Amino acid sequence: MNLTQNYSSYTEENHNVWAILYDRQIKNLPDKAVPEFLEGLKKVGFQSERIPDFEKVNQRLKPLTGFEVVPAPGIVDDALFFELIANKKFPATVWIRSLKQLDYLEEPDMFHDVFGHVPLLTIPVYCEFLAKLSALALEHIDKPEIIDRLTRIYWYTIEFGLFRNSDGEAKIYGAGILSSVGESKLSVSEESVKHDFDVQHILDTPYIKETFQSQYFCIDSYEQLLNSLPQLREALVKLRSKLETV
Ligand SMILES: [Fe+2]
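Every chain's residues receive numbers from 1 upward, in the order its sequence appears when written. Local features in this predicted model are restricted to residues of pLDDT 70 or higher, and side-chain atom pairs are both shown and tallied only at a pLDDT of 80 or more, whereas totals for entire chains, interfaces and linings draw on every residue. Hydrogens and waters are ignored; side-chain quantities use all the structure's heavy atoms.

The name that an unreviewed UniProt entry assigns to the chain is Phenylalanine 4-monooxygenase, with the source organism given as Pontibacter silvestris. UniProt positions are given in the numbering used here, feature names are shortened, and annotations may be inferred rather than shown by experiment. Per its UniProt entry, the chain bears the Cofactor (unreviewed entry) comment "Fe(2+)". Recorded under Sequence similarities (unreviewed entry), the UniProt text for the chain is reproduced unchanged: "Belongs to the biopterin-dependent aromatic amino acid hydroxylase family."

Next up, the structure:
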């Protein structure tokens, strides 16, 4: 695992790509993202001109929720991924896409990992959910079938979650949507299918990796995520005993 960001190795093109993507989403997101994301951007001190320096980000982030962002290679296996997050270390890739592939990515780069995820790590209840969900994953890390189901919860909340506010409007808190100009527009539009957050419904719903999601799940508070963990725990225990009796 690459343990340094090696900040000085970023080129002007790298910083320029960050600036283009950042400016585009900063214009696009104010009426679409949850307010906590927009406030979080300021709290962690992100700026358009330069790629964030993880060390400086962590000086601001850690006092807020205990979370810190740690450099990771492109792909982290499930066991390491959940172990890091359960210990409040969010692994983020350090490479950034090139100018030629601004909108096409086979795997997440730092614009997704850092811009999309890190501002949310300023929300204490959200962080508690994330760390506890990861700790729960570690309890079942020996069973890929269970991890597959639990990952659906991660996917439809942390990556592609929507939040229905008290005015009934859908706002984005999922990092996969926040870092995508196209999906941020589609997800909150009337064209997308939106369900109420429901643990069993999500456990029964496979997700799409290659294109935009065909459906989203809306929470009405971050506490709802945290409060859903006992039901999730129970569902996974049932699944485990079913797998073990087959
Ligand atoms: Fe992500």
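So that's the structure; there's more coming.
Colleague: Would you explain helix α3 (residues 54–65) in this entry?
Modeller: Think of an α-helix as 3.6 residues a turn; residues three or four steps apart then line up on the same face. The end-to-end C-alpha distance of α3 is 16 Å, a good match for the 16 Å that 12 residues give at a rise of 1.5 Å each. A simple rule labels every residue: compare its accessible area, found with a 1.4 Å probe on the protein chains alone, to the largest value its type can have, and call it buried under 20%, exposed over 50%, or partly exposed in between. Working definition: helices are DSSP H or I runs of at least four residues, strands are E runs of at least two. Numbering for both runs from the N terminus. Turning to α3, its buried residues are Phe54, Val57, Asn58, Leu61 and Thr65. For α3, the angular spread of the buried residues around the axis is 95°, confining them to a single face. Opposite its buried face, α3 presents the exposed residues Glu55, Lys56, Gln59 and Pro63, each directed more than 90 degrees away. Here, residues are in contact when the closest pair of their heavy atoms is within 4.5 Å. The inward-facing, buried residues of α3 abut β1 (68–72), β2 (89–93), α5 (110–117) and α6 (124–139). Its side-chain oxygen at 3.1 Å from the backbone nitrogen of glutamate 55, aspartate 53 defines the N-terminal cap of α3. A helix is expected to reach a length of 1.5 Å times the quantity of its residues less one. The directions considered for the arc run from the helix axis to the C-beta atoms. N or O atoms within 3.5 Å of each other form a polar contact, as long as, within protein, one can give a hydrogen and the other can take it, and as long as residues adjacent in sequence are counted only when both atoms are side-chain atoms.

Colleague: Got a minute to help me understand the packing of α6 against helix α12 (residues 229–245) in this structure?
Modeller: Axes are the key here: two packed helices are described by the angle between their axes and the distance separating the axes. Every axis corresponds to a line fitted to the C-alpha atoms, with the helix fit spanning only the stretch in contact, and the corresponding angles, defined between N-to-C directions, vary from 0 to 180 degrees. Packing of α6 against α12 brings their axes to within 11 Å, and their N-to-C directions diverge by 15°. Compared by their axis directions, α6 and α12 come out roughly parallel. You can see that α6 and α12 cross each other, and the crossing is right-handed. Residues Phe129, Lys132, Leu133, Leu136 and Glu139 of α6 pack against Leu229, Leu232, Arg233, Leu236 and Arg240 of α12. Residues were grouped as follows: Ala, Val, Leu, Ile, Met, Phe, Trp, Tyr, Cys and Pro as nonpolar; Asp, Glu, Lys and Arg as charged; and all remaining residues, including Gly, as polar. Across the contact of α6 with α12, the residue classes break down as 6 nonpolar, no polar and 4 charged. An angle counts as roughly parallel when it lies under 35 degrees, as roughly antiparallel when it exceeds 145, as roughly perpendicular when it falls between 65 and 115, and as oblique in every other case. Two helices that cross are described as forming a left-handed crossing if the nearer one is turned anticlockwise from the farther one by less than a right angle, and a right-handed crossing if clockwise.

Colleague: For this particular structure, what's the right way to read unusual backbone geometry?
Modeller: Of all residues except glycine, most have a negative phi; of all peptide bonds, most are trans. The phi dihedral of asparagine 6 falls on the positive side, at around 50°, and the residue is not glycine. Here asparagine 6 is to be found in the segment before α1 (12–28). Its identity is not glycine, yet lysine 88 carries a phi of approximately 60°, on the positive side. With respect to the element layout, lysine 88 can be found in the loop between α4 (78–86) and β2.

Colleague: Would you mind going over the sheet that holds strand β5 (residues 193–196) with me for this structure?
Modeller: Whether parallel or antiparallel, the strands of a sheet pair through hydrogen bonds between backbone atoms. At least two bridges found by DSSP between two strands is the condition for calling them paired. Spatial strand order, β4-β3-β6-β5: 4 strands in an open sheet with mixed pairing. Of all strands in the sheet, those bounded by a partner on one side alone are β4 (170–172) and β5. Between one strand axis and the next, the sheet turns by 40° as a mean value, whatever way the strands run. Bridge count for β5 against strand β6 (residues 215–219) is 4 bridges, and the pairing is parallel. Each bridged residue has a counterpart across the sheet, and for lysine 194 the counterpart in β6 is tyrosine 216.

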